[in-house]
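Structural overview
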Amino acid sequence: MARLRFMQAAALALGLTVAASAWQPATAWAVPISKAAQGEKGQFMLEVDTLAGSGRPGDTDGTPQSAAFRAPQGLLVMEDGTVYIGDTGNHQVRKLAQNKVSTAGGVKFFTDNFGNPQGALNDGSLGESAFNEPGGLASDGQGNIYVADAGNHAIRKLDKAGKATTLAGNGVLGSKDGKAGEAQFYYPQDVAVTKEGVVYVADSLNHLIRRIAPNGEVSTLNALDVDGVEVIPGLLVNSGGYRDGKLEQALFNEPSGLALDAKGNLYVSDTGNQLIRYIDFAAGKVSTVAGSAPGGKLSRENGSIYAEAGFEDGAALQAKFNYPRGLAVTSEGGLLIADSLNHAIRYLHDGQVSTVAGNSEGVRGWSDGIEGRHGLQAPSAVAVMQDGTILVADSYNNKIRQISLLELPERAAGDLEARIIISSKGKQSEMKALVQQGRTYAPVRALAEALGYEVTYETETREVKLEKDGISVALSLNAPSAHITDQQGKVTKIELDAIPPVKSGTTYIPVRAVSELIGMDVQWLAASKTAVVRNPIHGSKEE
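Summary of the structure given here. All values derive from a computational prediction rather than experimental measurement.

Right, let's get into the sheet that holds strand β23 (residues 314-315). On the basis of which strands lie adjacent, the open sheet formed by 5 strands has the order β23-β27-β26-β25-β24 and antiparallel pairing. Whereas interior strands pair on both sides, the edge strands pair on one side only; in this sheet they are β23 and β24 (324-329). With 6 bridges joining them, strand β26 (residues 344-349) and strand β27 (residues 352-358) adopt antiparallel strand pairing. Within β27, the residue paired with Arg346 across the bridge is Thr355.

Turning next to the environment of Arg325. When you line up the elements, Arg325 lands in strand β24. For Arg325 and Val268, which are 57 residues apart along the polypeptide, the C-alpha to C-alpha distance reads 8.9 Å.

Per the stated rule, a full pass over the model turns up 21 salt bridges. Asp61 is the partner of Arg94 in a salt bridge, and the nearest nitrogen-oxygen pair spans 2.8 Å. Note that Arg94 is positioned in strand β4 (residues 92-97) and Asp61 in the loop between β1 (46-52) and β2 (74-77), a separation of 33 residues in sequence. Of the charged contacts in the structure, one is a salt bridge between Arg210 and Asp203, with a shortest N-O distance of 2.6 Å. Note on accessibility: Arg210 and Asp203 belong to one class, buried.

Structurally, Glu371 is set in the loop between β28 (368-370) and β29 (379-384). Residue Glu371 is classed as buried on the basis of its relative accessible area, which comes to 11%. At 2.9 Å, the side chain of Glu371 forms a polar contact with the backbone nitrogen of Leu46. For Glu371, the side chain forms a polar contact with the side chain of Arg534, separated by 2.5 Å. What Glu371 contacts, discounting residues up to four positions off in sequence, is Gln43, Phe44, Met45, Leu46 and Arg534.

Ordered in space as β36-β37-β38-β39-β40, the 5 strands form an open sheet in which the pairing is antiparallel. Single-partner strands in this sheet number two, and they are β36 (454-458) and β40 (491-495). The average angle at which neighbouring strand axes cross in this sheet is 20°, direction not considered. Relative to strand β38 (residues 471-476), strand β37 (residues 463-468) runs antiparallel, the two sharing 6 bridges. Looking at β38, one finds that Glu463 is bridged to Ser476.

Here is what the cut-offs are and how they apply
- Residues numbered from 1 in each chain as written.
- Predicted model: local features only at pLDDT ≥ 70, side-chain atom pairs only at ≥ 80, totals over all residues.
- Heavy atoms only, no water.
- Pairing = 2+ DSSP bridges.
- Helix = DSSP H or I, 4+ residues; strand = E, 2+ residues; numbered from the N terminus.
- Salt bridge = Lys/Arg side-chain N within 4 Å of Asp/Glu carboxyl O.
- Buried < 20%, exposed > 50% of the residue type's maximum accessible area, 1.4 Å probe, protein only.
- Polar contact = N/O pair within 3.5 Å; in protein donor to acceptor, adjacent residues only side chain to side chain.
- Contact = heavy atoms within 4.5 Å.
- Axes fitted to C-alpha atoms, helices over the stretch in contact; angles between N-to-C directions.

Quick look at the structure:
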């Protein structure tokens, strides 16, 4: 397993190889990603929140907030909204449905000296079945779930009753085609299933794409690079390779993510090459659709078995990735990419790669919040809910995260007035703004109450007071200033650029001042004359 250890070292020494997942496009879509609202700097406006997982490694079932995972690395969304999770470190398949996390497959037979669960291989019903580092998940549309059981070097199947069977592979690593029980794989990390029941396998450490026919026959679709790389003097490692062109001659380097598009063709996360590849089955060809491979060659450091990584958006073939993993096709034909060691979710659409979520500099984090104020750690799988919400297996945070893109409410015909949108966790409030001498003002009471503040007016001092969670803001109507009293009683004076105007009995405040006074993020979208007010951080504690 020397090859696997190289992979683990590259993955931040997580102790677990990061796997991926494939998912079929949703039939409903709230807002196409490319049409989502963009902020003042052109960034996608969104909120990242925790859907499930306490952040502490464990295997607890229960409510989404109390449930625990251990480096989850597979995701699957069913038509009814049920979410299945490849809980890799717990060697289980978990299920999130009706606001409850439960175990769908895999039992914990024993643990090591450090208390970490150990995997096994066993078919049977829930309570009998066992997995070993399950990763990518897929469904055949009939309610059956296919599992890339990486540590068992096998492809498993969970039927609707929860019974696990071995579809192909026998628990022994190798590279062998033939009948399902005789075939061999080497750490397969993902699967994709067609409506005809064909199963494609990312056979990662064999550097191959495999095919399992409905009759169980296993075949290999591409070639294998036999040259290898001498990582240290005297140690030659089978490193995979890179070659586009005819499918049977194409080379991959640790493919770990698969996704079928509407045409039935296959996107591949060519992880070791830092590329996204595309298999056109009708043409019998493989092409590179994202990632930089100048002159058809990849740059490697001496002794490295991987291509050089990077982080760059822009034209698809100039973009750079850092161990891309899970993939998901969207209804507009785009491709979401879990860019694991950039700690980001990227998006390929119309020949351009952009960053949807995560730190734009590839820095890991753990907070929930809006764009630029949240963090991910080694995201390894992505999926899309029916309402357009993006789900992420945030592996090293031991969580399932959700990304909600901001969609501005439609205006009535002829409505050109400035407006204010308050957005929080998918819910929106809208109110009219006051524009005066080039400044945009928000009605204080409506704004503050929408954000959960209690509002009072002191007649003697002519101050509007906002109070919430032990924090008080006193806004003077006599001077361009406000005073903030924190939970410890410390008072801070804030100078405003204008005295709050009063119009028809309503007090207004400069929208930009909202950021200083109560810590909100404020974005002015000039094209739609909309000010968007949001809480920038939903949770900042490191778990």
